[in-house]
Amino acid sequence: MAIVVTLSPELEALLLDKAVRRGQDVSFVASELLASVLEWEEQDSEEAIKGIQQGLDDFESGQFRSFQDFAREQRSKYNLPTDS
């Protein structure tokens, strides 16, 4: 099944330029780029879910700190003004 995707002229020019620089067919380059982005997005989502789960597990086991401690550390780390 063929899928037709409409690109803006700017994006089409970038894609064509990349294909020419690689010496590859534009369809192959587009497919390769799309696969890479989809793989990255999947991995990013999995990592976010793992991070959230780790935070929930830490909280349930009592491994957390107060917001005040966190805020104090961030103000010090980034030289931010204290709340007035």
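1. Here's the deal with the side chain of Q74
For Q74, the location among the structural elements is in helix 3 (residues 67-77). Residues contacting Q74, with those up to four places away along its chain left out, are N79 and L80.

2. As for the packing of aromatic side chains
Taken as a whole and judged by the stated rule, the model has two aromatic pairs. Seen in terms of ring centroids, F59 and F64 are 4.8 Å apart; in terms of plane orientation they differ by 35°. Their pairing is tilted. Aromatic pair F67 and F70: ring centres 6.2 Å apart, planes at 45°, arrangement tilted. Here F67 and its partner F70 are both found in helix 3, three residues apart, which amounts to about one turn of the helix. For F70, a relative accessible area of 36% puts it in the partly exposed group.

Rules used throughout
Residues numbered from 1 in each chain as written. Predicted model: local features only at pLDDT ≥ 70, side-chain atom pairs only at ≥ 80, totals over all residues. Heavy atoms only, no water. Helix = DSSP H or I, 4+ residues; strand = E, 2+ residues; numbered from the N terminus. Contact = heavy atoms within 4.5 Å. Phe/Tyr/Trp six-rings, centres within 6.5 Å; stacked < 30°, edge-to-face > 60°. Buried < 20%, exposed > 50% of the residue type's maximum accessible area, 1.4 Å probe, protein only.

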